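Now for the letters of each chain:
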There are 4 protein chains.
Amino acid sequence: MWALSALRRGRTLVRTFTSAYPKPYTVPEGNWGTNRAARLELAASFRGLDKLGLNEGVCNHLSVMVPRADGQGETMLVGHYGLHWQEVTASNLLEVDWTGQTVQGEGKADVTAACIHLGIRHIRPDAKVIMHTHQPYATALACMKDPRLLMVHQNSLRFYQNVAYDTSYTGFALALEEGKRLGRVLGEKNILFMGNHGVVSVAKTISMAFDNLYYLERAAMMQVLAAGMEKEVALIPDSECGPMLDAISDMLQEYADAHFYSNYRILRKSQPEFEL
Amino acid sequence: MWALSALRRGRTLVRTFTSAYPKPYTVPEGNWGTNRAARLELAASFRGLDKLGLNEGVCNHLSVMVPRADGQGETMLVGHYGLHWQEVTASNLLEVDWTGQTVQGEGKADVTAACIHLGIRHIRPDAKVIMHTHQPYATALACMKDPRLLMVHQNSLRFYQNVAYDTSYTGFALALEEGKRLGRVLGEKNILFMGNHGVVSVAKTISMAFDNLYYLERAAMMQVLAAGMEKEVALIPDSECGPMLDAISDMLQEYADAHFYSNYRILRKSQPEFEL
Amino acid sequence: MWALSALRRGRTLVRTFTSAYPKPYTVPEGNWGTNRAARLELAASFRGLDKLGLNEGVCNHLSVMVPRADGQGETMLVGHYGLHWQEVTASNLLEVDWTGQTVQGEGKADVTAACIHLGIRHIRPDAKVIMHTHQPYATALACMKDPRLLMVHQNSLRFYQNVAYDTSYTGFALALEEGKRLGRVLGEKNILFMGNHGVVSVAKTISMAFDNLYYLERAAMMQVLAAGMEKEVALIPDSECGPMLDAISDMLQEYADAHFYSNYRILRKSQPEFEL
Amino acid sequence: MWALSALRRGRTLVRTFTSAYPKPYTVPEGNWGTNRAARLELAASFRGLDKLGLNEGVCNHLSVMVPRADGQGETMLVGHYGLHWQEVTASNLLEVDWTGQTVQGEGKADVTAACIHLGIRHIRPDAKVIMHTHQPYATALACMKDPRLLMVHQNSLRFYQNVAYDTSYTGFALALEEGKRLGRVLGEKNILFMGNHGVVSVAKTISMAFDNLYYLERAAMMQVLAAGMEKEVALIPDSECGPMLDAISDMLQEYADAHFYSNYRILRKSQPEFEL
């Protein structure tokens, strides 16, 4: 009855969900199931981000490293270039190897997807999930000389000291070396603002990479709206951001699951074919 | 024939609807029915605010104090954390006690919901309905050093001298004490601007809390759009705001019912499962 | 072959549609048919403006003067207060007399509708159709100290010297006298900017009042977007606006019909019940 | 295995799709088939641009030069004036001759469509496809004294030195001479900003004209959002824009096909009647 006593005493609560959010799908144990789960979640991410208007044309890309279904090593799961995000399904995702060659599925990945995603992973092998978008508000900030995400809103806090800024746009990413360069700029952060281009979100789980893109756009929207009013914005004091973030950092994965899986279930109602 | 004669004479009319807006549902008399009516209206609020784009992720929360169906005291009706607002139904709402414990239904409320909503009610026991959102335009104002809602539009008038401003963001609301603090800042007002965070609407009825969030966002949109043009805004003179508000204050509950129940009926066509 | 020769010689064309746009409905000759046609078109206007996002809550109102179906004089056709605009149908529109009393249909009109619409018609008996909205961009302009619609775009031209500005907001319109005052401010113009409030469009046909609201919002959007960039806007030279407008003024009713009836047909596919 | 070795060596890749994007429809060889393919694609453009919100009323227009189905010369395929863009189908498109006369189909083209599109083609006979819209963000830029599209984003690059600016609005285009004038201002560029009016996109393929309008609006959106923040924008250095564009220019048609045909397939699901 921890929650109860904390409320009684007015103390800070630690969220004590006894069960994590149940996944809205079931997969068997083992490599096939792990591969399948990643396909379901990645397809839901393509559909969900499209519904939120965070993608652009058929250009942006999402990827996740997965064990091959037959257990023969690890591959990068990525979209088939040229599909509308509303066409992506669990089974039409491609698996590509470290050279960008398709090893599972029909078609090819976007070359820029291969270059950016594989390049970053050369530098950040822990970047299990990578999502790259040109989402409007965050990208607008990334086009400014001072592109910094300011601590204007509670949503900004989760990105405190967690955004890297690449201010040297070098053209379309058509070489692996460019992806590596981006990985080096990213460093240990989880968000990269790509100047004159867009953003990258890296995470250990699909739900977290998705959730971060969503809240990054909300935080950027607040910053852009506030900047348009030309009055002084009330920034959260820098000295308080760290402790405030610490207070919730243990909960963020759970929040991300709650949000992502709720979107997953909603998509299942309106676009059930994504699970095919 | 009051309306007629007033029109003839050009006098100020008092709206004289002989019947209040009929509720679009029927419930039996007594505790069960009162509880059921609150569940129907709160579920419609989740769905309606989602349709209007005033919510964020699965984060914001709506609550109402209701008699328990069996008549054993009063509980707080609130959303099950982790549900998409399009998934909320009358029957999956939770009832929690003053310690935040679920006493009816499966699952848990968001801890921040419990802290904010119960905390405010400690200070404002008349706050039967509380709605907390991060709606874009109003929240953008709440992120400014001078967050005041200005009297730029007829819609602003209903909030004249009725908004409290909390300019000291203290991090995620993880303790009951924080809710109490917010309640003290709110004082006798019905709207709270939470700096760097969002807004709270408190009211005696669900329709009024909903209607106020809707018109608050419209008023804030006007203010943000006007501020972006960098020219001088035409404020309604302060000396006239009070009398203007007095002239309509008796009608506001009726307006709110008209608006809210029309949304309710529309939702019933497209998402009828919310009444389950 | 006028069009042909004009193209050959590069001369200015006058649009020479041999047939006006066919109405997408048929009604019998006579009062009943005229009344019925107005009901169909007004219901389509409620639905169409709602789809375009130009209305607010259940507040704004549209009206048209029509002969009574039985030929016994003329009445004002107006919405039943409290209906969502998606609920309005040809048959649930109300007819009210010059005192605001309902003479056909169940329910009451909004008092502010009666005051504004009847009041304006006292002064402008030619105002067969009146539409009042709080559409976002035009209303934002109406909240500025200098609310003038500037000639920033081709769409602005149709309102050249055709907008009146009321800069003295007087509170909710709860008396017939207020409507008369608005009518006097409107004078001979067809558009009224109501300071801190919204806009009014008056016209001889429903299609024209609708089309003007649509293009007014587009013109205002251009002006607001341009003002937000804080650079100098390129205004169409004042001396040229008159001749430019003259060149198209004969075509505007035809343009309006084309636009309005295309919307009508589209609504019939998705919301066919509006014709009931 | 070029792609593979390039990734290994980190070198710049040239996209080497072995098969171009398959068209989502099949037509027989010959004039009838070519004519039919253009009808399918132009109808999909009307529907797709409407879905993206880039059109205005029933005003803007899209055209393509096609061989007549019977092989008797070439005609301009254009929309039937007065149809909602959601009503356009492959078979209700009109064919008009160089004098603007309808030679295939029922109805008439908009006179301004005939004047603008035929006039431009007098000057630019290579302008197989012409699309004219009043899309919001690009049009807002076109209303500024300095309407230049700046190199603020990767999307801007594809328009580097490829936009012509007409800063002398002359009223509604009601004469062929006006179209010729616009063609002369356009010169060898593929995009025309029409001051106080809108934009024109000319291309050799429908997919490219469509894709350019889409990315032009995205680029303009970034520029408008950035301008609203009143801070310094980070422009891509002028000296680098040329080489950057060169690096991708060979791929743009392929990108355009990928994007356009994905939209085509999506439309086929929700509005399959456009292919009739």
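Predicted model only: the values in this text are computed from it and were never measured. (Residues numbered from 1 in each chain as written. Chains lettered and ligands numbered in written order. Predicted model: local features only at pLDDT ≥ 70, side-chain atom pairs only at ≥ 80, totals over all residues. Heavy atoms only, no water.)

**Student:** Please clarify how the overall build of chain A should be interpreted in this entry.
**Tutor:** Helices and strands together make up the secondary structure of chain A, namely nine helices and eight strands. A globule of 276 residues ought to have a C-alpha radius of gyration of about 19 Å, and chain A, at 19 Å, matches this closely. With respect to the principal axes defined by its C-alpha atoms, chain A has extents near 55 × 50 × 35 Å. Within chain A, buried positions represent 66% of all 276 residues. Considering only contacts in chain A between residues 6 or more positions apart, those separated by 24 or more positions represent 69%. Roughly 9,800 Å² of accessible area belongs to chain A as shown, and the carbon and sulfur atoms make up 53% of that amount. One way to put it: in chain A the 27 positive side-chain charges average out to a point 5 Å from where the 29 negative ones average out. (Helix = DSSP H or I, 4+ residues; strand = E, 2+ residues; numbered from the N terminus. Rg over C-alpha atoms; globule rule 2.2 N^0.38 Å. Buried < 20%, exposed > 50% of the residue type's maximum accessible area, 1.4 Å probe, protein only. Contact = heavy atoms within 4.5 Å. Areas by Shrake-Rupley, 256 points an atom, 1.4 Å probe, with all protein chains shown as cover. Lys, Arg positive; Asp, Glu negative; His and termini not counted. Charge placed at Lys NZ, Arg CZ, Asp CG, Glu CD.)

**Student:** Just checking my understanding: could you explain the interface of chain B and chain C for this structure?
**Tutor:** Many analyses report the size of an interface as the accessible area lost when the parts associate. On the side of chain C, 44 residues touch chain B, which itself brings 47 residues to the contact. With both chains or domains summed, chain B and chain C bury close to 4,100 Å², and 62% of this area falls on carbon and sulfur atoms. Here chain B and chain C share three salt bridges between them. The partner of Glu56(C) in a salt bridge is Arg218(B), and the shortest N-O contact between them spans 2.6 Å. In this structure, the connection of chain B to chain C is made through 14 residue pairs in polar contact (both at pLDDT 80 or more). (Buried area = accessible area lost by both parts, 1.4 Å probe. Salt bridge = Lys/Arg side-chain N within 4 Å of Asp/Glu carboxyl O. Polar contact = N/O pair within 3.5 Å; in protein donor to acceptor, adjacent residues only side chain to side chain.)

**Student:** In this structure, what is going on with the relation of the copies chain B and chain A? I would like to understand it.
**Tutor:** Between the two copies of the chain lies a relationship made up of a rotation around an axis and a movement along it. With an axial shift of 0.0 Å and an RMSD of 0.0 Å, the rotation relating chain B to chain A amounts to 90°. In short, the pair behaves as if placed about a four-fold rotation axis. Judged by C-alpha distance, Gly228(B) is the residue of chain B that lies nearest the rotation axis, at 3.7 Å. A share of only 5% of the interface residues of chain B reappears at the interface of chain A, consistent with the copies meeting through non-equivalent patches. (Least-squares fit on C-alpha atoms with pLDDT ≥ 70 in both.)

**Student:** What exactly am I supposed to notice about the interface of chain B and chain A here?
**Tutor:** Counting residues at the interface gives 44 residues for chain B and 47 residues for chain A. Here chain B meets chain A over a buried area of about 4,100 Å², counting both sides, of which 62% is carbon and sulfur. Of all residues in chain B, Met144(B), Phe172(B) and Leu174(B) give up the largest surface area on contact with chain A, accounting jointly for 16% of the area buried on that side. Our count for the contact surface shared by chain B and chain A stands at three salt bridges. Put simply, Glu87(B) and Arg265(A) hold a salt bridge, and the shortest N to O gap is 2.6 Å. The tally of links between chain B and chain A comes to 14 residue pairs in polar contact (both at pLDDT 80 or more). Of all elements in the fold, only helix H3 (111-123), helix H4 (136-142), helix H6 (176-186) and helix H7 (206-228) of chain B reach the threshold of two or more residues within the side of chain B that touches chain A. In terms of residue count, H4(B) provides more of the side of chain B that touches chain A than any other element does, five residues in total. The residue inventory of the side of chain B that touches chain A, partitioned by class, reads 20 nonpolar, 16 polar and eight charged. (Nonpolar A, V, L, I, M, F, W, Y, C, P; charged D, E, K, R; others polar.)

**Student:** Got a minute to help me understand the side chain of Glu217(B) in this structure?
**Tutor:** Turning to its location among the elements, Glu217(B) is positioned in helix H7. No salt bridge forms around the buried Glu217(B); measuring N to O, its nearest opposite-charge neighbour Arg218(A) is 7.6 Å away. If sequence neighbours within four positions are ignored, Glu217(B) has contacts with Leu54(B), Gln135(B), Pro136(B), Tyr137(B) and Ala138(B).

**Student:** Help me understand the side chain of Ser156(A) in this model?
**Tutor:** Assignment of secondary structure puts Ser156(A) in helix H5 (residues 154-157). If near-sequence neighbours (up to four positions away) are discounted, Ser156(A) is found in contact with Leu149(A), Leu150(A), Met151(A) and Ala219(A).

**Student:** Please clarify how the packing of aromatic side chains should be interpreted in this entry.
**Tutor:** Note on aromatic pairs: each is described by the distance of the centres and the angle between the planes. Residues and elements named next belong to chain A. Counted by the stated rule, this structure contains 32 aromatic pairs over all chains. Between Tyr-264 and Phe-274, the ring centres sit 5.1 Å apart and the planes meet at 80°, which makes this aromatic pair edge-to-face. Of the two residues, Tyr-264 is situated in helix H9 (residues 252-270) and Phe-274 in the segment after H9; the sequence distance between them amounts to 10 residues. Since its relative accessible area comes to 1%, Tyr-264 is described here as buried. What makes Phe-274 buried here is its relative accessible area of 0%. (Phe/Tyr/Trp six-rings, centres within 6.5 Å; stacked < 30°, edge-to-face > 60°.)

**Student:** Sorry, what's going on with the relation of the copies chain B and chain C here?
**Tutor:** In screw terms, the move from chain B to chain C is a rotation of 90° and a rise of 0.0 Å along the axis, fitting with an RMSD of 0.0 Å. The overlap is low: 4% of the interface residues of chain B also sit at the interface in chain C, so different surfaces are used on the two sides.

**Student:** In this structure, what is going on with the sheet that holds strand E7 (residues 191-194) of chain B? I would like to understand it.
**Tutor:** Remark on secondary structure: sheet strands pair via backbone hydrogen bonds, oriented parallel or antiparallel. Residue and element names in this part refer to chain B. Spatial ordering of the open sheet is given by E4-E3-E2-E1-E5-E8-E7-E6, a layout of eight strands whose pairing is mixed. Unpaired on one side and paired on the other, strand E4 (102-104) and strand E6 (163-166) mark the two borders of the sheet. Strand-to-strand twist in this sheet, taken as the mean axis angle between neighbours without regard to direction, amounts to 25°. Pairing geometry for strand E3 (residues 94-96) and E4, over two bridges, is antiparallel. From the neighbouring strand, Glu-95 faces E4, where its bridge partner is Gln-104. Lying on the sheet, H6 is in contact with E6, E7 and strand E8 (198-203); it crosses E6 at an angle near 135°. (Pairing = 2+ DSSP bridges. Axes fitted to C-alpha atoms, helices over the stretch in contact; angles between N-to-C directions.)

**Student:** What should I look at first to understand the sheet that holds strand E5 (residues 129-133) of chain D in this one?
**Tutor:** Residue and element names in this part refer to chain D. Spatially, E4-E3-E2-E1-E5-E8-E7-E6 is the arrangement adopted by the eight strands of the open sheet, whose pairing is mixed. The open sheet has two edge strands with one neighbour each: strand E4 (102-104) and strand E6 (163-166). Across the sheet, the axes of successive neighbouring strands diverge by a mean angle of 25°, strand direction being ignored. Examined bridge by bridge, strand E1 (residues 61-67) and E5 share four bridges and lie antiparallel to one another. Bridge pairing in E5 links Leu-62 to Met-131.

**Student:** Mind showing me how you'd approach unusual backbone geometry here?
**Tutor:** Glycine aside, a negative phi is what most residues show, and trans is what most peptide bonds show. Despite not being glycine, Gln161(C) has its phi angle at roughly 55°, a positive value. Of the residues examined, Gln161(C) reaches a relative accessible area of 58% and is grouped as exposed.

**Student:** Explain the pairing of strand E5 (residues 129-133) of chain A here, please?
**Tutor:** Consecutive side chains of a regular strand alternate in pointing toward one face of the sheet and then the other. All names here are of chain A. Burial of E5 is extensive: five of the five residues sit out of reach of the surface. Burial of E5 is two-sided: the residues Val-129, Met-131 and Thr-133 facing one way and the residues Ile-130 and His-132 facing the other way are all buried. The pairing of E5 with strand E8 (residues 198-203) spans five bridges and is antiparallel. Paired with Met-131 across the bridge in E8 is Ser-201.

**Student:** Is there a simple way to think about the confidence of the model for chain A in this case?
**Tutor:** Detailed reading of the predicted model is not advised wherever pLDDT is low. All names here are of chain A. A residue-level look at chain A finds 93% of positions with pLDDT of 70 or above and a mean pLDDT of 92. Note that residues 1-6 has pLDDT below 50 and, in this model, 12 contacts with residues that lie over four places away or in other chains. Here residues 11-19 is modelled with pLDDT under 50, and outside its nearest four sequence neighbours on either side it reaches 28 contacts, counting other chains as well. Interface confidence in the predicted complex, given as ipTM, is 0.93; pTM for the same model is 0.94. (pLDDT = per-residue confidence, 0-100.)

**Student:** Any chance you could explain the environment of Thr34(D) here in plain terms?
**Tutor:** Residue and element names in this part refer to chain D. Within the secondary structure, Thr-34 sits in helix H2 (residues 31-51). Assessed through its relative accessible area of 39%, Thr-34 is described here as partly exposed. Taking the C-alpha atoms as reference points, Thr-34 and Val-66, separated by 32 residues in sequence, lie 7.3 Å from one another. Those residues in contact with Thr-34 that lie beyond four places of it in its chain are Pro-28 and Pro-67.

**Student:** Sorry, what's going on with the packing of helix H3 (residues 111-123) of chain A against helix H6 (residues 176-186) of chain A here?
**Tutor:** When two helices pack together, their arrangement is given by the angle between their axes and by how far apart the axes lie. Residues and elements named next belong to chain A. One way to put it is that H3 packs onto H6 with a least axis distance of 6 Å and a crossing angle of 50°. With respect to each other, H3 and H6 are oriented oblique. Crossing geometry of H3 relative to H6 is assigned as right-handed. Contacts from Ala-114, Cys-115, Ile-116, Leu-118, Gly-119, Ile-120, His-122 and Ile-123 of H3 reach H6 at Leu-176, Gly-179, Lys-180, Leu-182, Gly-183, Arg-184 and Leu-186. Here the residues of the contact of H3 with H6 sort into nine nonpolar, four polar and two charged. (Parallel < 35°, antiparallel > 145°, perpendicular 65-115°, else oblique. Left-handed = near helix turned anticlockwise from the far one by under 90°.)

**Student:** Can you help me understand the environment of Ser201(A) in this one?
**Tutor:** Residues and elements named next belong to chain A. Mapped onto the fold, Ser-201 is located in strand E8. Linking Ser-201 and Val-129, residues 72 residues apart in sequence, is a C-alpha distance of 8.0 Å. Apart from the residues lying within four places of it in its own chain, the contact partners of Ser-201 are Val-129, Ile-130, Met-131, Asn-190, Ile-191, Ala-209, Asn-212 and Leu-213. Within the local environment of Ser-201, its side chain forms a polar contact with the backbone oxygen of Ala-209, the two atoms lying 3.1 Å apart.

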